[in-house]
Amino acid sequence: MLVSALKTGVQAAKNAAPVAASSVGQVRGKATQRETKTRIEACHSVYKITKAMQSIANAKLNPAIARMQESRPMAASVRAFIDTACSEVQVPELEAGASCLVIPITSDKGLCGALNTKILFKTMNTIQDLKEKKMKIKVITVGEKGHKNFQSMNPKMLVHTASHFGKTDINFLQASRVAEFVTQTPFDQATILYNKYINRVSFTQMAHTIPALTFFSEQVSKFGEKFEFEGDEEQILKDLAEFQFAVQLYGALLENGASEQSSRLAAMDNASKNAASMALELTQLFNRTRQMQITAEMIEISTGAECCK
Amino acid sequence: PGAAGSFGVLVGHVPVVSQLKPGVVEIHDGGKVEQFFVSSGFAFVSTTAADICAVEAAPVSDLDSDTIKENISTFTKTVADAQNDMDKATAQVGLDVNQAMLQAITGAK
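These remarks concern the structure in this document. In this text, all values refer to a predicted model and were calculated from it rather than measured experimentally.

Basis of the calculations
Residues numbered from 1 in each chain as written. Chains lettered and ligands numbered in written order. Predicted model: local features only at pLDDT ≥ 70, side-chain atom pairs only at ≥ 80, totals over all residues. Heavy atoms only, no water. Pairing = 2+ DSSP bridges. Helix = DSSP H or I, 4+ residues; strand = E, 2+ residues; numbered from the N terminus. Axes fitted to C-alpha atoms, helices over the stretch in contact; angles between N-to-C directions. Contact = heavy atoms within 4.5 Å. Buried area = accessible area lost by both parts, 1.4 Å probe. Salt bridge = Lys/Arg side-chain N within 4 Å of Asp/Glu carboxyl O. Buried < 20%, exposed > 50% of the residue type's maximum accessible area, 1.4 Å probe, protein only.

Residue and element names in this part refer to chain B. With antiparallel pairing, the three strands of this open sheet are ordered in space as E2-E3-E6. The strands lining the two open edges of the sheet, one partner per strand, are strand E2 (23–29) and strand E6 (57–59). Ignoring strand direction, the axes of neighbouring strands in this sheet form an average angle of 30 degrees. Examined bridge by bridge, E2 and strand E3 (residues 32–38) share seven bridges and lie antiparallel to one another. Bridging across to E3, Ile27 finds its partner in Glu34.

If you look at the interface, chain B gives 15 residues, while chain A gives 15 residues. Summed over both partners, the interface of chain B with chain A buries about 1400 Å², with 72% contributed by carbon and sulfur atoms. Summed over the three residues of chain B that lose the most area to chain A, namely Val17(B), Phe42(B) and Phe44(B), the buried surface amounts to 37% of that side. Where chain B touches chain A, the interface holds zero salt bridges. Mapped onto the side of chain B that touches chain A, the elements with two or more residues apiece are strand E1 (16–20), strand E4 (41–45) and strand E5 (50–54) of chain B.

The subject of this paragraph is unusual backbone geometry. All names here are of chain A. One non-glycine residue, Leu111, lies in the positive phi region at around 55 degrees. Along the chain, the position of Leu111 falls in the loop between strand E1 (99–104) and helix H3 (115–132). Exposure remark for Leu111: the relative accessible area of 32% places this residue in the partly exposed category. Here Lys134, not a glycine, exhibits a phi torsion of approximately 65 degrees, which is positive. Within the secondary structure, Lys134 sits in the loop between H3 and strand E2 (136–142).

Take it as geometry only, folks, not as evidence of what the structure does.
As structure tokens, then:
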């Protein structure tokens, strides 16, 4: 609703006839004055909307950062285990024709600055690299923006989409559901791309590679050398494979969520400032032309009075 | 609360990977003991640290015995009434977790 109102406002501001540089002696008729007035009102409504979106993003940002930071240790520890394990056990080099799953994480709503364009750009680069290695590529997008992008540009690669679940706070249950959904498509390697939150004004794109889920079970004996397993090794590794995928996805979703709020905050802040300055310029122009009109009329009246004396 | 049995970890423990079943994790810090109930997850013990990655965790003091007893009766009924394996398994999981929670409270008393 906010977005459509914003678009109408911007449309109104654009549709009004372009303002010619005011030159002395040029008289603007009442009709074009009305157009300027419409433009000023449009700027004000745009300002109100972007300001509202900015404060919403501000309110959502701190809880999002808190939840992301709370989850970072868990994601880090799981990844540390995987990295240690993978350094001991050789992850098999992918052969040509291996099936690679690319999972870009995007937002559902727009008006969040460069967040989605950046991650989709990185996704395209990743896909390009994989293509050069002759891999079979499948894409599962998380988030509406990614879905729309791939539908229009590369529909053949797009296998599935998971979206519209960020309305409530992202929790592990949702992440596990998405992970379960994603792992129904078998893969030899999966790459999760997301925006990692750095601070209130910056975020960076990250790509995490995850070996096939079967990799863990296949390497049971090698894992057994490095770690002692309490219980049935194969069962543990099978569960662990699914768990680590869900945890990594969870971490990525939270990081992207925090980056989304900070990006939207900055973008809406800019938009509000621009709307305010545009409204100011137009108001000054309006007043100037109004005064010029009055002056012109007064001159007419006084010269007319002179003539009739 | 390892799936194959509870185990304790001190400094210098051999690296271990264990799946966790619903139960209580106790953290001993000097003389203080903190108890957390975990629903399930994994424990990674390395040479430098022990990480517990739980799906859900709560301090034992937060558990409410009345709600748990209610849950147990609800889940027992669901397990009995379950139509298919999936529903039965889901209800069984709920039952196991709640029974473990009850044990955690009554055991700690």
